[in-house]
Amino acid sequence: MSGVYRAEYIWVDGTEPTKKLRSKTKVVPKGEAPPIWGFDGSSTNQATGDRSDCVLQPVFVTNDPIRGGDDKLVLCEVMLVSGDPHPTNTRRACAEISQKHASFDTWFGIEQEYTFFKGARPLGFPDGGFPAPQGGYYCGVGADEVFGREVVESHLDLCLKAGLRISGINAEVMPGQWEFQVGPLSAPEAADQLWVARWLLYRAGEPFGVSATLYPKPVRGDWNGAGAHTNFSTKQMREGWEPIMAAIEALEGRHDLHIANYGSDIELRLTGHHETASYKEFSYGVSHRGASVRIPWQVAKDKKGYIEDRRPNANMDPYVVTRLIIETVCGAASGSAPKAREVVTA
Ligand code: ADP
Ligand code: MN
Ligand code: MN
Ligand code: MN
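What counts, and where the lines are drawn
- Residues numbered from 1 in each chain as written.
- Chains lettered and ligands numbered in written order.
- Predicted model: local features only at pLDDT ≥ 70, side-chain atom pairs only at ≥ 80, totals over all residues.
- Heavy atoms only, no water.
- Helix = DSSP H or I, 4+ residues; strand = E, 2+ residues; numbered from the N terminus.
- Rg over C-alpha atoms; globule rule 2.2 N^0.38 Å.
- Buried < 20%, exposed > 50% of the residue type's maximum accessible area, 1.4 Å probe, protein only.
- Contact = heavy atoms within 4.5 Å.
- Lys, Arg positive; Asp, Glu negative; His and termini not counted.
- Charge placed at Lys NZ, Arg CZ, Asp CG, Glu CD.
- Pairing = 2+ DSSP bridges.
- Axes fitted to C-alpha atoms, helices over the stretch in contact; angles between N-to-C directions.
- Near = heavy atom within 4 Å.
- Polar contact = N/O pair within 3.5 Å; in protein donor to acceptor, adjacent residues only side chain to side chain.
- Nonpolar A, V, L, I, M, F, W, Y, C, P; charged D, E, K, R; others polar.
- Donors = N, O, S within 2.8 Å, 3.2 Å for Na, K, Ca; no water.
- Core = buried A, V, L, I, M, F, W, Y, C linked by side-chain atoms within 4.5 Å.
- Domains from an automatic or database assignment.
- Salt bridge = Lys/Arg side-chain N within 4 Å of Asp/Glu carboxyl O.
- Buried area = accessible area lost by both parts, 1.4 Å probe.

(A) Local environment of the overall build of the protein. In terms of regular secondary structure, the protein is built from eight helices and 14 strands. By the compact-globule yardstick of 20 Å for 346 residues, the protein fits well, its C-alpha radius of gyration being 20 Å. Principal-axis analysis of the C-alpha atoms gives the protein an extent of 55 × 55 × 40 Å. In the protein, which comprises 346 residues, the share counted as buried stands at 53%. Within the protein, contacts between residues separated by at least 24 positions form 66% of all contacts whose residues are at least 6 apart in sequence. Averaging the coordinates of the 37 positive side-chain charges in the protein and doing the same for the 43 negative ones gives two points 1 Å apart.

Structure representation (structure tokens):
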């Protein structure tokens, strides 16, 4: 193409209770950065019809691995025409708190679990019935155990071509369920990359007629739910044990607030079964996958490193989760933590 490139503008909408991704294409003259743009907020639960204009402010631009060439993916913050962040814009507060606590140099590694669907059934679930019980599917191999690998491989390829920091992928415990990990990165970068990786996941499924859902409990009964374990560390935690224990204590003090902001229908997933701790109480342990927070064994051995918050749902907003963790852990360490159990905001 001569003289122009295609910019795919991606943004997070206002759908309740779980926001969705939207995107549309702008043709931009070569050599120009993607400009501020707009959309009809009345179609995304972000405005009323009589004042429908919302503003797209580019914040993260990367190569478009699908179209290739000079084409770009352009992740945006949603703004009001006044120039203020839109009420659904959770990125701004995340960026601000990260900036405020920059001296902690916080890193996040997020494990995004998800479930493929073909029509109304999870991939691998026979029509009107159920597959063999869980046990062989996690990190499995073979056509009787693994469903959707062609989409997973395509997604990984696209993420890497887009320059996203993916640290790995694996098949999960329930058939049709998979995971990819983003990070470690600081905030809001980890969250930006996760949102773009989610968009690429949905997009990768299109040619296969396969959809992906982040719903936390896609099949009721004896089937694992889908989470977004959030591994994190501060510079201080990477250097010693005391800050690790202090971080856990701070998280315990604001357990209810975190649970209320870690994704809708979290109580369906955090039952105390299927590798989860009950949402009703906070717990932690070394190597413990039935705890709210797990200390990896290597970290316990080295007496430094990171911890894994296992509570976040697959459908969580990573701007909210990373913002809350920074606010709670860095706030406590610097004596500026907001009161425990404050009013839920997100
Ligand atoms: P699990 O054993 O729970 O399945 P994974 O290997 O899926 O763990 O994910 C672990 C995540 O933790 C990865 O995204 C990795 O990049 C991240 N991670 C590793 N070290 C750190 C650290 N010091 N701070 C934050 N995240 C980290
Ligand atoms: Mn994992
Ligand atoms: Mn997992
Ligand atoms: Mn994990």
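(B) The arrangement of the sheet that holds strand β1 (residues 4-12) in detail. Across the sheet, which stays open at both edges, the five strands sit in the order β2-β1-β5-β4-β3 with mixed pairing between neighbours. Each edge of the open sheet is held by one strand with a lone partner, namely β2 (21-29) and β3 (37-40). Pairs of neighbouring strands in the sheet enclose a mean axial angle of 40 degrees, with direction left out of account. As judged from the nine bridges shared by β1 and β2, these two strands associate in the antiparallel manner. Within the sheet, the bridge partner assigned to Val12 lies in β2 and is Leu21.

(C) Inspection of the site of ligand 1 at higher detail. Ligand 1 sits among 15 residues. The nearest are Glu111, Glu179, Pro184, Ser233 and Glu308. Taking Glu111, its side chain carries an N or O atom lying 3.1 Å from an oxygen atom of ligand 1. At a separation of 3.2 Å, an oxygen atom of ligand 1 approaches a polar side-chain atom of Gln181. Those elements that provide at least two residues to the shell around ligand 1 are β6 (107-118), β9 (177-185) and β11 (230-233). Looking at the shell around ligand 1 element by element, the count peaks at four residues for β9. A breakdown of the residues in the shell around ligand 1 according to their chemical character gives four nonpolar, six polar and five charged.

(D) Structural context of the coordination of the manganese ion (ligand 3). Looking at the manganese ion (ligand 3), one finds its protein donor set to be Glu113 (OE), Glu172 (OE) and Glu179 (OE), positioned 2.1 to 2.2 Å from the metal centre. Counting along the primary sequence, the residues that act as donors to the manganese ion (ligand 3) give the motif E-x58-E-x6-E. The metal-metal distance between the manganese ion (ligand 3) and the manganese ion (ligand 2) comes to 3.8 Å, with Glu179 coordinating both. Of this pair, Glu113 sits in strand β6 while Glu179 is found in strand β9, placing the two residues 66 residues apart along the sequence. For the pair shown, Glu113 and Glu179 are each scored as buried.

(E) Inspection of the coordination of the manganese ion (ligand 4) at higher detail. Listed as protein donors to the manganese ion (ligand 4) are Glu111 (OE), Glu111 (OE), His229 (ND1) and Glu308 (OE); their distances from the metal cover 2.0 to 2.5 Å. Look at where the donors of the manganese ion (ligand 4) fall in the sequence and you get E-x117-H-x78-E. In this structure, the manganese ion (ligand 4) lies 3.9 Å away from the manganese ion (ligand 2), the two metals sharing Glu111 as a donor. Highlighted residues: His229 in the loop between β10 (211-213) and β11 and Glu308 in strand β14 (residues 307-309), separated in sequence by 79 residues.

(F) Up close: the nonpolar core. Grouped together as the largest cluster of nonpolar side chains are 73 residues, with contacts concentrated most on Tyr114, Phe116, Leu164, Leu200 and Ile307. If one sorts the elements of this core by residue count, helix α3 (residues 189-205) sits on top with 10 residues. Counting the residues that make up this core, at least three belong to each of domain 1 (4-89) and domain 2 (107-334). Among the nonpolar cores identified, the runner-up in size contains 11 residues, and Ala7, Tyr9, Val28 and Val74 belong to it.

(G) Quick look at the pattern of salt bridges. The full count for this structure, using the stated rule, is 17 salt bridges. The closest approach of N and O atoms between Glu77 and Arg91, which form a salt bridge, is 2.8 Å. Of the two residues, Glu77 sits in strand β5 (residues 72-79) while Arg91 sits in helix α1 (residues 91-100), which places them 14 residues apart along the sequence. A residue is classified by how much of its surface remains accessible, and Glu77, at 3% relative accessible area, is buried. For Lys161, the salt bridge is made with Asp157, and the minimal N-O distance between the two is 2.9 Å. Within this pair, Lys161 and its partner Asp157 are both found in helix α2 (residues 149-161), separated by four residues, close to a single helical turn. Assessed through its relative accessible area of 38%, Asp157 is described here as partly exposed. Here the salt bridges do not stand alone but share partners, grouping Glu77, Arg91, Arg92 and Asp192 into one network.

(H) A look at the domain arrangement of the protein. As assigned here, the protein comprises domain 1 (4-89) and domain 2 (107-334). The C-alpha centroid of domain 2 is placed 26 Å from the C-alpha centroid of domain 1. With 15 residues of domain 1 at the interface, the matching set in domain 2 holds 17 residues. In total, domain 1 and domain 2 occlude about 1400 Å² of area from one another, counting both sides; carbon and sulfur atoms represent 77% of this.

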